[in-house]
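What follows is each chain in one-letter form.
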Amino acid sequence: MSNERIEEKYDAVVVGAGHAGCEAALALARLSMKTILFTVSVDSIAMMPCNPNVGGTSKGHLVREVDALGGEMGKNIDRTFIQSRMLNRSKGPAVHSLRAQADKKAYSQSMRNVLENTENLTIKQGEVTKILVRDNIFTGVQTHTGTIYRCKVCVLCTGTYLKARCITGEVSNNTGPNGLQSANYLSDSLRELGLKIRRFKTGTPARIDGNTIDYSKMKPQSGDEKIVPFSFTNKSEDLEREQIRCWLTYTNETTHEIIRNNIDRSPLFSGVIKGTGPRYCPSIEDKVIRFSDKDRHQVFIEPEGLYTNEMYVGGMSSSLPEDVQIEMYRSVPGLERAEIVRNAYAIEYDCIDSLELLPSLELKKISGLFSAGQANGSSGYEEAAAQGLVAGINAARKIQGKEAIIIDRSQGYVGVLIDDLVTKGTNEPYRMMTSRAEYRLLLRQDNADERLTKLGYEVGLISEERYQQFQKKYKWIHEEITRLKNTFVGNGEQIQQLLKKYNSTFLTSGSSLAELIKRPELSYEKLEPIDPERPSLPPEVTEEVNINLKYEGYIKKQLKQVEHFHKLEKKKIPADIDYSAIGSLRLEAIQKLTDIRPDSVGQAARISGVSPSDISVLLVYLEQYKIRESEGEK
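Each chain carries its own residue numbering, running from 1 in the direction its sequence is written. Side-chain atom pairs in this predicted model are given and counted only at pLDDT of 80 or more, local residue features only at pLDDT of at least 70, and totals for whole chains, interfaces and linings cover all residues. Hydrogens are left out, water is left out, and the side-chain values use all remaining heavy atoms of the structure.

A.B. asks: It is not clear to me how the side chain of arginine 519 should be interpreted in this structure. Could you clarify?
C.D. replies: Strands here mean DSSP runs of E at least two residues long; helices mean DSSP runs of H or I at least four residues long; both are numbered from the N terminus. The residue arginine 519 is located in the loop between helix H15 (513–517) and helix H16 (539–550) in this model. One buried charged residue, arginine 519, remains without a salt bridge, the closest side chain of opposite sign being glutamate 521 at 4.5 Å. Residues count as neighbours in contact if any of their non-hydrogen atoms are within 4.5 Å of one another. Leaving out residues up to four positions away in the same chain, arginine 519 has contacts with Leu499, Ser504, Thr505, Leu507 and Lys550. Working definition: with a 1.4 Å probe on protein chains only, accessible area under 20% of the residue-type maximum means buried, over 50% means exposed, and in between means partly exposed. Asp and Glu count as negative and Lys and Arg as positive, but His and the ends of the chain are not part of the count. Just to be clear on terms, a salt bridge is a Lys or Arg side-chain nitrogen sitting within 4 Å of an Asp or Glu carboxyl oxygen.

A.B. asks: Explain the sheet that holds strand S4 (residues 53–55) here, please?
C.D. replies: In sheet architecture, strand pairing relies on hydrogen bonds along the backbone and comes in two forms, parallel and antiparallel. Here, a strand pair is defined by DSSP locating no fewer than two bridges between the strands. With respect to topology, three strands assemble into an open sheet ordered S4-S6-S5, the strand pairing being antiparallel. Taken across any chain shown, the strands that pair with only one partner, and hence form the sheet edges, are S4 and strand S5 (81–87). Ignoring which end each strand starts from, the neighbouring axes of this sheet average 15° apart. Note that S4 and strand S6 (residues 97–102) share three bridges and pair antiparallel. Counterpart to valine 54 in the pairing with S6 is alanine 100. Here the axes come from fitting lines to C-alpha atoms, over the contacting stretch only for helices, and the angles between their N-to-C directions go from 0 to 180 degrees. Against the sheet, helix H2 (residues 59–69) engages S4 and S6, with an angle of about 80° to S4.

A.B. asks: What's the story with the sheet that holds strand S14 (residues 197–204) in this structure? I'm lost.
C.D. replies: Spatial ordering of the open sheet is given by S13-S12-S21-S14, a layout of four strands whose pairing is antiparallel. The open sheet is flanked by strand S13 (171–173) and S14, the only strands paired with a single partner. Averaged over neighbouring strand pairs, the angle between their axes works out to 25° when direction is ignored. Pairing analysis gives three bridges linking strand S12 (residues 165–168) to strand S21 (residues 345–352), with the strands arranged antiparallel. What sits directly across from isoleucine 167, in S21, is alanine 346.

A.B. asks: What is the right way to read the state of the cysteines from this model?
C.D. replies: Note on disulfides: each one is a pair of cysteine sulfur atoms within 2.5 Å. Counted under the stated rule, the structure contains zero disulfides. For the unlinked cysteine cysteine 157, the closest cysteine sulfur is that of cysteine 154, found at 8.2 Å. Looking at the unpaired cysteine 246, the closest cysteine sulfur is the one in cysteine 50, lying at 15 Å.

Structure representation (structure tokens):
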């Protein structure tokens, strides 16, 4: 029998078919790259091994940005949601975040159907065990069968599968999430290539049989009557459907006592778990110990789908032994008779140190090798999808010989996410939060299309038809804002009666409708009775008009801050700069700047350990460097 290995040729290979892998593969294939997508199981494509939802605070922003750029996640959750809610409605528009419960099986099947019917895309079940590199340039991958796939670029989207270990109490299994096969060889290959590998940990709660839950002891959580789509291509009225309830209950002192009495059996505290867990999404035992002053914690009971009785116990992630889990869950009101279908568990896995990455998500040390999602140390489906899309786009552009797209911190949450990872690094699974974004009034979920659709169109993922619709929408918005600023009303009886109705100060002279909208108690909708010339506009247009006028002053302030930000971003740093040769730079700054190799002064200023005085020294040096360069040219 011949020992020759089969060789297959593709433009691109994507390793892993989770949320990052799906977006990366679709972006590559839609940009005409012959792409092969590897997964340990075709039945696990776009699987949701943890929470059965998409979106949420700040994460909803990411999904809408993915959609604005031409990604698939927003469309897929619109097809498969079973409950939809806009969170934080009582707060300002900067923190409004869309969140939808998914039918987990339908979500996975729907995404698989899209992948299977995308031109230029091949799906292959198999484990990639080796990354092939020559002279620091990616050349292909090798699978567990020995087959070599020669490719121009690769996007690693390995999720939590690299040397994965699932832990429940004293029991540890070398498997990936949901008992799927782990990938036990690829991280060794990455280490051999000189990449720094970290060990992180995450976890998931138990799944409980819904027939054994007493919902009368819980508070119902219903979906919104008017659905707000994730995808800008969908209309609210087209997504109307019967929604399933979620439920809210709480832990209590008995629950906490059970946990404290068994804390020595928790692998998280006994030292069995070595990986670093997420600070912002802690296990229930971690919450009880860290927040000992709290007498209860929220527990959300969420359906896993339309055709299953499994219920997700949100807020009670755990790695405690099975017997403790049973006692712990049954101490919660409504769960006294609960039967566990799947035990809670923690999962440890290998991932890449995100400081190994360029802002394009290409590895600094290996040309043509990109990485996205939990492979980069982030957490969450949405963070993964956003990185996968950007990595896929930039991998395609690498083949095309085009410059990589870099979304900066003033353009989107995806820019904040990637910049944080590649500039600051992370010592724990990174989770997106609104507080991480400096310009969050500009980066609202409602205007993601305004910020990123043009870029998606220029890249080639937004169709001409969709782009024309987008332009029409913002033409309407601009025209309506202009009309309102130029439409004046006096202090007649009808006007004063309307102001009285909303407890608003009477007018003593004329005012534009735009100025009235800026009053906190008034809005575009409320002024309809005194605006006879008002045109009939879609709700997504009137929402933008209202927000832009109401927060106009604050928006202008943030735009000025962005101008300053861009000035520093435009001050580029030569790639070959020797930081050790810059006098007065502190040793820590030299080390950090040398390791990370920032592209601009703006990025350098965001590096942990680089002080404002270091930046001042760097700016002076760059001016001198520029003078020397120009004199050298002469």
